[in-house]
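# Understanding the architecture of this molecule
The lines below spell out each chain.
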Amino acid sequence: MQRLRSILTPLASLRLTVVLFVLAMILIFAGTLAQREAGNWEVVNSYFRSFVVLIPLRHLFFVNVSGVLPFPGGFILGGLLLVNLLAAHAARFQWNRKRAGIWLIHSGLVLLLVGELVTALLAREAIMIIDEGGYANYTEDIRRVELAVVDETGAEHNLHVVIPEPTLKKAAGREPIAHDLLPFQVRVDRWMDNSQIIGLGMAGPELRQNNRATAGFGTQAIAQPLPPTTGVDQQTVDARSAYVTLIDDQGQPLGTYLLSTLLAQRQEVTAGGKTYGIELRFKREYQPYTIHLIDFRHDKFVGTETPRNFSSLIRLVDPQQHEDRQVLIYMNHPLRYRGQTFYQQSFKPDDSGTVLQVVRNPGWLLPYISCVMVAAGLVLHFGLMLVRFVGRQRTAPSGAKGRAGPPEPALQGETPRVGWLPSVAAGAVALLIVGGQVLPRSANGPFNLDELARVPVTAQGRVKPLDTVARSSLMIVSGRQTLRHEGRTLPAVQWLLDVISRPEVADQYEVFRIDHPDVRSLIGAGPQDEGRKRFSYARIKPHLSTIADQADMANRVKANQRNGYQRHVLELASHLTLYIELQQGAQPYAVPPLEPGEEWRPLGQALHEGHTTGKMNPAAAELSRVFQAYRDQDAGQFNSGLSAYTDLLAPHLPGAMRKAGFEVFFNRLQPFYQGTVLYVLTFLTVCGALLAGAWEGRAWAQRLGVAAVTLLAAGFLLHSFGIAARIYLQGRPPVTNLYSSAVFIGWVCVILGGFLERFYRNGLGVALAAVIGAATLIIAHNLADGDTMQMMQAVLDSNFWLSTHVITVTIGYAAAFLAGGIALVFLFMGVYTRQLTPTRFKAMGKMMYGVIAFALLFSFVGTVLGGIWADQSWGRFWGWDPKENGAVLIVLMNALILHARWGGMIQQRGVAVLAVAGNIVTAWSWFGTNMLGVGLHSYGFMNSAMFWLLAFVVSQLAAISVGLI
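Residues numbered from 1 in each chain as written. Predicted model: local features only at pLDDT ≥ 70, side-chain atom pairs only at ≥ 80, totals over all residues. Heavy atoms only, no water.

## Let's talk about the overall build of the protein
Scanning the protein from N- to C-terminus turns up 31 helices and 23 strands. In terms of overall dimensions, the protein is globule-like: its C-alpha atoms have a radius of gyration of 33 Å, near the 30 Å expected for 965 residues. The principal-axis extents of the C-alpha atoms in the protein amount to approximately 110 × 95 × 65 Å. Within the protein, the fraction of its 965 residues that count as buried is 51%. (Helix = DSSP H or I, 4+ residues; strand = E, 2+ residues; numbered from the N terminus. Rg over C-alpha atoms; globule rule 2.2 N^0.38 Å. Buried < 20%, exposed > 50% of the residue type's maximum accessible area, 1.4 Å probe, protein only.)

Spelled out as structure tokens, the structure:
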């Protein structure tokens, strides 16, 4: 027994655990970057389901260097982690109630590793393509192909002879392939793993001369090899092609054929008195049941190409099981049958049929069970720690809470009473700031622009007030929500009204922001325009054709390969398109449905239909009179016509009118901007309190500390109102896109900072809450590009998962950033000041530890919920998608810090250094993975965002270097 323990002890080492975590993070990061150059499945098999992987050095050092690094693959690292876990329980852990959480966590992790192994070895994915009104009784594996020769002369069944892909590739350029059931042999002259088909009429003379095909479709087209598809290509599946020569029994060629998965129909060949069909197709697996497609639906939001719903109404017929029933399959609602799960994956390009993903995974339940075990273990283990901590805080003397030494000179300890005056003064400041935004304005003149602002319209699929359309449109083209013209500030709704009603006036407004000097030169900007950032449409109009040509050329370049000029010229072209659509009445959809079965329509379309048919829509007629009255500058007619229009809408759209009015108030209040101002004031007040404490002004320090808490509370209330308002207006949980995630992360950090201040009362919780709250709202402001409350695409249209997975994982992000913020203060106080007293040293160490544990819990649970959502959406609990990889990197980083601390490898300063590194990992997961242009969560490359992300990473690396001094 002693000998066994001596063998297991090194394998059970926490140092080995930490090393394996580090190696796993490197592998996952490199595998994520590799998906920019190779398809997801190729990376999964070569990185995560392999024993050894050769990682290109350019993926690790971000420079274009040659060479590779041999590295342990997923099977080796997963196996070692499994051995490490089992050895730890065998050698070090003894069962007791205090360790029940640890046992649950580790048991669940063992099951999770086993589940991933089972999935890697046994899971199979395929698709089933069915035309509407048709049926299918087989699935296709789009990652494998086969050459099929079909004899259709049988009385009852067709005879299919198939040659699998490995055999075809092995035989390329070698001996022909023979089969007893075929009257000819198949010689593979050339094999292409990926290809494109070009018509001979479009091919050059050299290609036509080298065409190998002598029969079939290949006499009209030629195949060209292409590199393997990557995660950033529009084509997501390699198109295999081959040139094959068929040789009869006498050794005479029957012809050379071009076969490809890009060809939809079989080609015919005659041999032995029979006609056979021959094709290169995806590998098929025939099923004992038949699925008939009764109806396929692809619904879009009004006026957009954004999918609102995909659904397939099918009839399932299985004679063996006596099944004959109808089932509706739609996003997040699959069909489970005979050990397979059918998901609504895609559709045929012309909406004439559906594409179902069919998944068979014998181990699909293992991740569910294991994750429940781990989550329960984390809650139990850290919950007990929290209970003990709170108990100690309650039993400690009131003057000793949150510290283990003498009183600090700044914001804690026994203090004089400061009264209510600081809170009242801070509250009055907050009311003045907020009141300035919501007080009625009298600058509208004789035209009732306030009522016009509340008129509901539809844009980007969402019903919203005209005020929001105006603000978001002006923000897109100009970068501002108001317009400066001839020394006056015009509201956005007046700008939009001029665009619609008085285009000759609106064309003179300088609203189009053009920053790139080469794009400015396209409109003839020269030295006389030095310092000018915005230009009028009248100035740009003579150069529209030039801009269109340049944008067309830029659009032919892949998004992640465009230079700054190309991105900016495309941006200007899109802004001009928006302006023209607004001017022509194509946007927004301003005419509402007044009768059952009607939909929102653009005003221009409704007026054209009315003039054509002689039956004018009453809403279009009233709204047209309002705009005409403004064009004539007839305020009386404008105001009366607007009242008549709103009276017309009131009985038909009461909910929309009510929400539109509330949204105008929300827009005017600007709660996130005002919250940012209050958070900045909070931080400045905390700094003043710290300075007062340093100057022995203890009473002033306390007064300013109370004022800071009051300002923080006011900012938090505004922040909370903004989030609640967005929930009401969208009918969605608080996090639906990057903008809302930034808003929510800041909100959570303010809450956590408040809890830290409640327990430790040293001013740090208030300061960090204010800094992170303001920073995230500033980030959100810079992420805003038009309306930030977009409609959800069909695959994301699930309030349940948005309320669980997205919120939980975002709380994990917030906690990780808060831990990193505490660590930054800890490191800089320790290196550059003498303020890191023993009391603060111990308190901040506890704060970091507790917040990291909180971050681990929520990031793990959030990641697990995301896996369950993915399993419900497309049948894959874990697909190593970049966003999934980013989430697991956060989990591993937090686990690494805690295990290194438990193993005595690091103390407080080491925890702080790693927590700052956690900021980098979290920022990469939050933003970096979205900008790779890869995977199911990709939002596209954003040049400015990438710059700031890199700047943030550099700043954190600098802080880490400070911590290592």
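## What about the nonpolar core?
Note that soluble globular proteins tend to have their nonpolar side chains buried in a common cluster. With 127 residues, the main nonpolar core has Tyr47, Phe48, Leu378, Leu818, Ile822 and Trp926 as its most contacted residues. When residues of this core are assigned to their parent elements, the largest contribution, 18 residues, is made by helix 27 (residues 799-832). Residues contacting tyrosine 47, with those up to four places away along its chain left out, are Leu27, Ala30, Gly31, Ala34, Val53, Leu54, Ile55, Pro56, His59, Gly73 and Gly74. Formed by 61 residues, the second largest nonpolar core is a distinct cluster that contains Ala470, Ile547, Val591 and Ala606. (Core = buried A, V, L, I, M, F, W, Y, C linked by side-chain atoms within 4.5 Å. Contact = heavy atoms within 4.5 Å.)

## Considerations on the state of the cysteines
Enumeration according to the criterion identifies 0 disulfides in this entry. Cysteine 749 supplies the cysteine sulfur nearest to cysteine 687, a cysteine that is in no disulfide, at a spacing of 18 Å. On the accessibility criterion, cysteine 687 (25% relative accessible area) is partly exposed. (Disulfide = S-S within 2.5 Å.)

## Notes on the environment of glycine 820
Among the secondary structure elements, glycine 820 is positioned in helix 27. Overall, the relative accessible area of 0% leaves glycine 820 in the buried class. The residues contacting glycine 820, other than those within four sequence positions of it, are Ala915, Val916 and Asn919.

## So, the confidence of the model for the protein
Detailed reading of predicted coordinates is not advised where the pLDDT is low. On average, residues of the protein carry a pLDDT of 86, and 91% of them reach 70 or more. Of the regions scoring below 50 in pLDDT, residues 398-415 engages in 47 contacts with residues more than four places distant in sequence or in other chains. (pLDDT = per-residue confidence, 0-100.)

## Considering the packing of helix 24 (residues 698-730) against helix 25 (residues 738-760)
For the pair helix 24 and helix 25, interaxial distance at closest approach is 10 Å and the crossing angle is 145°. Two packed elements cross with a definite hand, and for helix 24 against helix 25 that hand is left-handed. Contacts between helix 24 and helix 25 involve Leu712, Phe716, His719, Ser720, Ile723 and Arg726 from the former and Tyr739, Ser740, Val743, Phe744, Gly746, Trp747, Val750 and Ile751 from the latter. Here the residues of the contact of helix 24 with helix 25 sort into 9 nonpolar, 4 polar and 1 charged. (Axes fitted to C-alpha atoms, helices over the stretch in contact; angles between N-to-C directions. Left-handed = near helix turned anticlockwise from the far one by under 90°. Nonpolar A, V, L, I, M, F, W, Y, C, P; charged D, E, K, R; others polar.)

## Thoughts on helix 24
Since one α-helical turn is 3.6 residues long, residues separated by three or four positions face the same way. Here helix 24 contains 33 residues, and its C-alpha end-to-end distance of 48 Å stays within 8% of the 48 Å for a straight helix at 1.5 Å per residue. Just beyond helix 24, the residue with positive phi is glycine 731, at close to 70°. (Expected span 1.5 Å × (residues − 1).)

## Some thoughts on the sheet that holds strand 9 (residues 241-248)
Strand order in this open sheet of 3 strands is 6-9-10, and the pairing throughout is antiparallel. The strands lining the two open edges of the sheet, one partner per strand, are strand 6 (184-192) and strand 10 (253-260). Neighbouring strand axes in the sheet, compared pairwise and without regard to direction, differ in orientation by 20° on average. For strand 9 and strand 10, the ladder comprises 7 bridges, and the chain directions are antiparallel. Along strand 10, the bridge assignment pairs alanine 242 with leucine 259. (Pairing = 2+ DSSP bridges.)

## With respect to the packing of aromatic side chains
Centre-to-centre distance and the angle between the planes together describe a pair of aromatic rings. Within this structure, the stated rule accounts for 28 aromatic pairs. Note on phenylalanine 716 and tryptophan 747: the rings are 5.9 Å apart at their centroids and 10° apart in plane angle, and the pair reads as stacked. With phenylalanine 716 in helix 24 and tryptophan 747 in helix 25, this pair connects stretches of sequence that are 31 residues apart. Exposure remark for phenylalanine 716: the relative accessible area of 23% places this residue in the partly exposed category. One aromatic cluster is present, formed by Tyr47, Phe48, Trp878 and Trp880 through successive ring pairs. In this arrangement the basic side chain of arginine 284 is found over the ring face of tyrosine 138, its NZ or CZ atom lying 4.1 Å from the centre. Sitting above the plane of the tyrosine 728 ring, lysine 659 keeps its charged end 5.2 Å from the centroid. (Phe/Tyr/Trp six-rings, centres within 6.5 Å; stacked < 30°, edge-to-face > 60°. Lys NZ or Arg CZ within 6 Å of the ring centre and 35° of its normal.)

## A word on the pairing of strand 21 (residues 488-491)
When strand 20 (residues 482-485) meets strand 21, the two strands line up antiparallel, connected through 4 bridges. Paired with leucine 483 across the bridge in strand 21 is leucine 490. The hairpin formed by strand 20 and strand 21 contains 2 residues between the paired strands, and glutamate 486 there has a positive phi angle of roughly 50°.

## A word on unusual backbone geometry
In the segment running from glutamine 587 into proline 588, the intervening peptide bond is cis, with an omega of -10°. By secondary structure assignment, the location of proline 588 is in the loop between helix 18 (564-584) and helix 19 (603-613). Residue glutamine 460 is not a glycine yet carries a positive backbone phi of 55°. Its location among the elements puts glutamine 460 in the loop between strand 18 (456-459) and strand 19 (462-465). Unlike most non-glycine residues, tryptophan 880 shows phi in positive territory, near 60°.

## Comments concerning the environment of leucine 293
Within the element layout of this structure, leucine 293 appears in strand 12 (residues 274-300). The exposure class of leucine 293 is buried, given its relative accessible area of 2%. For leucine 293 and glycine 134, which are 159 residues apart along the polypeptide, the C-alpha to C-alpha distance reads 5.9 Å. Excluding residues that lie within four positions of it along the chain, leucine 293 makes contacts with Ile130, Asp131, Glu132, Gly133, Gly134, Ser312, Leu313, Ile314, Gly353 and Thr354.

## A look at the packing of helix 22 (residues 654-669) against helix 24
With their axes 11 Å apart at the nearest point, helix 22 and helix 24 run at an angle of 150° to one another. Classified by the angle between their axes, helix 22 and helix 24 sit roughly antiparallel to one another. Remark: the crossing between helix 22 and helix 24 carries left-handed chirality. Between helix 22 and helix 24, the contacting residues are Arg658, Lys659, Phe662, Glu663, Phe665, Phe666 and Leu669 on the first element and Leu718, Phe721, Gly722, Ala725, Arg726, Tyr728 and Leu729 on the second. (Parallel < 35°, antiparallel > 145°, perpendicular 65-115°, else oblique.)

## Description of the pairing of strand 17 (residues 353-360)
With 7 of 8 residues buried, strand 17 lies mostly within the body of the structure. Across 8 bridges, strand 3 (residues 124-131) lies against strand 17 in antiparallel orientation. Among the inter-strand pairings, isoleucine 127 is bridged to a residue of strand 17, identified as glutamine 357. Sheet topology note: the strand 16 (residues 340-347)/strand 17 ladder contains 6 bridges and is antiparallel. By the bridge assignment for strand 17, threonine 341 is matched with valine 359.

## Remarks on the side chain of glutamate 757
Its place among the elements puts glutamate 757 in helix 25. Although glutamate 757 lies buried, it forms no salt bridge, and the closest oppositely charged side chain, arginine 761, sits 6.9 Å away as judged by the N-O distance. (Lys, Arg positive; Asp, Glu negative; His and termini not counted. Salt bridge = Lys/Arg side-chain N within 4 Å of Asp/Glu carboxyl O.)

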